[in-house]
Amino acid sequence: MKALILNSGTGSRMGDITRTHPKCMTEIGGGETILSRQLHLLCEAGVRDMVITTGSWDEAIRKAVKDQGLDIRCSFVCNPIADRTNYIYSMYLARESLADDDVLLLHGDLVFEWRALEKLLQEPGSGMAVSMDLPLPEKDFKAVIHDGKIEKVGIEFFEDAAAAQPMYILRKADMTVWMQAISSFIEQGEVRCYAENALNTVTDKVFIHPVNMGKWLCNEIDTPQDLEKTALLLEQVEKKTVYMCFSTDVLHAAHLRLIGRAAKLGHVTVGILSDEAVASYKRFPLLTCEERMEMFRNVTGVEQVVEQKTLSYRENLTALHPDFVVHGDNWKNDFQKPIREEVLSLLEQWGGELVEYPYTSDPRFGALEGRARSELALPDSRRARLRRLISMKGLVTAMEAHSGITGLIVEKTVVHEDNGGAHQFDAMWISSLCDSTAKGKPDIELVDMSSRFRTIDDILEVTTKPIIFDGDTGGLPEHFVYTVRTLERMGVSMVIIEDKTGLKKNSLFGTEVTQTQDDIEHFAEKIRAGKRAQKTRDFMICARIESLILEKGMQDALERASAFVQAGADAIMIHSRKKDPQEIFDFVEAFRKTDSVTPLVVVPSSFNTVTEDEWKKRGVNVVIYANQLTRAGFPAMQKAAETILHAHRAKECDDFLMPIKEIIRLVPEDID
Ligand code: SPV
Ligand code: MG
């Protein structure tokens, strides 16, 4: 691609302004001249081969181009009789320099904004800048358009015409045809007309699309009045602001390209999505919001970085009123559609515009994301994340997993809400009940620790989310310390041990079976031993209080809670098997009166009507869904078995089974 800039004219209509320099060297504000602005924009667009036609100001123009110090290859074609000819003759003289290339043709007195050039360059065929939104000019160029094609260009056409500017992208074949027509004109002595007169004789052989610039700045400067008007418009263009939002913690070339393009539209503010918002819609961020903000502060083209607290842009857009929001076009049809629609309706309030660029789905960027995810699976990173999630979100949810496949379900299930938000579980709960049930054994600490660790391992291998381990009673303190060390090493974030002793039975039996609560001091010592044994700061030991289950009363529960916190417990789990959540509410309220920091954990299997929002408001930090996957899965299996037994074949049960393809989707062959 070569740019052809026509600068042979004398600029006589500019009066005094062009007495000392050519028109293209007229200042247009911000330290720019028409020429310097054109050259810089072309250069930024990657057009570095240029042909400039000159006339009587040949030397001055050559020097002005050189003084820009740009990395361009520029040849000059001087029209020695520019005062007696029009630019048709200059183009004719430049014909050899332009052979065999696509040409971006523009007059040397055109001032345009970046978007105009960008749009023209994106035209796959040949194109001319027109405006479907501006009134037809009395004296300047108009283009007659039929069926998406330019038929004539000239000042005399008003019918079926649009305002047009002498700025074209001309593909090689079309340029050749136009040049041949120009040559015939010159050979016949037609040197004073427009080059477009020649073009109009061959429009049946060239296909030039009208490229609509709407109301964007794209003006020729012919008179001092034009100059004044354009300088004002340019000032407005230069003041424009852009907003974009990023959630990424891995910056790659496509992000930088997008920011580069946005920076050409105006002053860029980048919104960095909060940790909480990223964690709930995507994955846990490798870098904190502050670290990601710092990273973007150092990116060329970014002038301001702010936090965006939610997936919705509302708060920041309302505060900033940007002229543009820039985004990849991928969000048009994915789950972010409602967010996009909200952005559009907000922008409409102040006449802003959404600019979308094609989304780059380069497999190498996918691989980077894969690497980021696998980082999250490493023991140190996974272990530390539960504490961070609690402090970041206030309330964390965990769903039970008892195998690799249930782990994957907890890992990958995301629901998208109507407002464009998303919701997923934060962590996994390795329930003693479900782990035992999966092995066909009762929940009485019969499945030994080695087997329980094996289950954890299966889950660790295919997931990244933090793990909360149901440690039952923790066993003897002498054994518990080994459990702590192993769990820590594996990357488990928290073990919960319950203050029971002897043969443990599942809490949901309550007082229907004999269960003995441990002595406060004995259990506190177990916690202390565990805390002494742990090697990392992040690992958490949570004390689970069974007083309400065993009907020992609220006072007993509270006394234990305080003793266990004193002993070093990092969190307290309070349990109940009542449907009514009141006793849990009462405990939380009383506990929070004296302790506002120790995380509180609940397992609302029986008292299941309370929403996560309400738990959070009441001061609970971890909600564990302890057995729902197991209870969903096994009845379905039983039903399949019965259906086949009844029908003596498998066809009847096929309708309610998951298609094999879905299983393959859930369990990828490649590790990710
Ligand atoms: C488990 O899931 O194994 C638990 C919670 O310990 S509960 O079954 O409610 O006791
Ligand atoms: Mg249990």
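Computed from a predicted model, the values in this text were never measured in an experiment.

So, how was this worked out
- Residues numbered from 1 in each chain as written.
- Chains lettered and ligands numbered in written order.
- Predicted model: local features only at pLDDT ≥ 70, side-chain atom pairs only at ≥ 80, totals over all residues.
- Heavy atoms only, no water.
- Helix = DSSP H or I, 4+ residues; strand = E, 2+ residues; numbered from the N terminus.
- Rg over C-alpha atoms; globule rule 2.2 N^0.38 Å.
- Buried < 20%, exposed > 50% of the residue type's maximum accessible area, 1.4 Å probe, protein only.
- Contact = heavy atoms within 4.5 Å.
- Lys, Arg positive; Asp, Glu negative; His and termini not counted.
- Charge placed at Lys NZ, Arg CZ, Asp CG, Glu CD.
- Axes fitted to C-alpha atoms, helices over the stretch in contact; angles between N-to-C directions.
- Parallel < 35°, antiparallel > 145°, perpendicular 65-115°, else oblique.
- Left-handed = near helix turned anticlockwise from the far one by under 90°.
- Pairing = 2+ DSSP bridges.
- Near = heavy atom within 4 Å.
- Polar contact = N/O pair within 3.5 Å; in protein donor to acceptor, adjacent residues only side chain to side chain.
- Nonpolar A, V, L, I, M, F, W, Y, C, P; charged D, E, K, R; others polar.
- Donors = N, O, S within 2.8 Å, 3.2 Å for Na, K, Ca; no water.
- Core = buried A, V, L, I, M, F, W, Y, C linked by side-chain atoms within 4.5 Å.
- Right-handed = clockwise from strand over helix to strand, strands pointing away.
- Disulfide = S-S within 2.5 Å.
- Salt bridge = Lys/Arg side-chain N within 4 Å of Asp/Glu carboxyl O.

## Thoughts on the overall build of the chain
On a plain count of helices and strands, the chain comes out with 26 helices and 30 strands. Compactness check: the chain gives a C-alpha radius of gyration of 36 Å against a globular reference of 26 Å for 672 residues, more than 25% above the reference. Summarising its shape, the C-alpha atoms of the chain cover approximately 115 × 65 × 40 Å along the three principal directions. The proportion of buried residues among the 672 residues of the chain is 53%. For the chain, the proportion of contacts with a sequence separation of at least 24, taken over those separated by at least 6, is 74%. Across the chain, the centroid of the 81 positively charged side chains sits 3 Å from that of the 103 negatively charged ones.

## Section: the packing of helix α19 (residues 477-490) against helix α20 (residues 520-533)
Between α19 and α20, the least distance of the axes is 9 Å, while the angle of their chain directions is 40°. The angle between the axes of α19 and α20 places the two elements in the oblique class. Note that α19 runs across α20; the crossing there is right-handed. Counted together, P477, F480, V481, V484, R485 and E488 of α19 and K526, A529, G530 and A533 of α20 form the full contact between these two elements.

## Overview of the sheet that holds strand β30 (residues 622-625)
Around the barrel, which closes on itself, the 8 strands sit in the order β19-β22-β23-β24-β27-β28-β29-β30 with parallel pairing between neighbours. Strand-to-strand, the axes of this sheet are offset by a mean angle of 25°, without reference to chain direction. Two elements, strand β19 (residues 396-400) and β30, share 4 bridges in a ladder whose sense is parallel. Its bridge partner being in β30, V396 is matched across the sheet by V622. Sheet contacts for α20: β24 (494-498) and β27 (540-545); angle to β27, the most-contacted strand, approximately 170°.

## Quick look at the site of ligand 1
Around ligand 1, the neighbouring residues are W429, S431, S432, L433, D470, N506, S507, L508, R544, H575 and A626. Between ligand 1 and W429, the relevant distance is 3.2 Å, taken from an oxygen atom to a side-chain nitrogen or oxygen of the residue. A distance of 2.9 Å is found between an oxygen atom of ligand 1 and a backbone nitrogen or oxygen belonging to L433. Of the residues belonging to the shell around ligand 1, the class tally is 4 nonpolar, 5 polar and 2 charged.

## Thoughts on the coordination of the magnesium ion (ligand 2)
Surrounding the magnesium ion (ligand 2) are the protein donor atoms S432 (OG) and D470 (OD), at 2.1 to 2.2 Å. With S432 in helix α17 (residues 432-438) and D470 in strand β23 (residues 467-470), this pair connects stretches of sequence that are 38 residues apart. What makes S432 buried here is its relative accessible area of 3%. Of the residues examined, D470 reaches a relative accessible area of 4% and is grouped as buried.

## Re the nonpolar core
One finds L42, F112, M167, M244 and V326 to be the most contacted residues of the largest nonpolar core, which totals 50 residues. Sequence-distant contacts of F112, that is, excluding residues within four places in its chain, are made with R37, Q38, L41, L106, L117, M167, L217 and C218. Counting 48 residues, the second-largest nonpolar core is a separate cluster that includes F469, V495, I545 and V602.

## Observations regarding the pairing of β27
Burial runs high along β27: 6 of the 6 residues are buried. Alternating residues of β27 divide into M540, C542 and R544 and I541, A543 and I545, and every residue in both groups is buried. Two strands pair when backbone bridges link them, and β24 and β27 are joined in this way by 5 bridges, in the parallel orientation. Considered in β27, the bridge of V495 is made with I541. Both β27 and strand β28 (residues 571-574) contribute to a ladder of 4 bridges, which runs parallel. Residue pairing in the sheet places I545 in a bridge with I574 of β28. Assessed by its sense of winding, the connection that carries the chain from β27 through helix α21 (residues 554-566) to β28 is right-handed.

## Quick look at the state of the cysteines
Taken as a whole and judged by the stated rule, the model has 0 disulfides. With no disulfide of its own, C74 lies 11 Å from the sulfur of C43, the closest cysteine sulfur.

## Some words on the pattern of salt bridges
Charged atoms that come close allow side chains of opposite charge to pair. Evaluation of the coordinates by the stated rule reveals 49 salt bridges. Among the salt bridges present, the one from D458 reaches R454, with a minimum N-O distance of 2.8 Å. Placement of the pair is D458 and R454 together in helix α18 (residues 449-462), with a separation of 4 residues, close to one helical turn. What makes D458 partly exposed here is its relative accessible area of 30%. Note on R454: relative accessible area 46%, which makes it partly exposed. When the shortest N-O distance is used, the salt bridge between R560 and D556 registers 3.0 Å. Remark: D556 and R560 occur in helix α21; sequence separation between them is 4 residues, near one turn of the helix. A single salt-bridge network, built from bridges that share partners, covers D435, K439, D443, R452, D472 and K504.

Bear in mind that shape data such as this cannot, by itself, settle questions of function.
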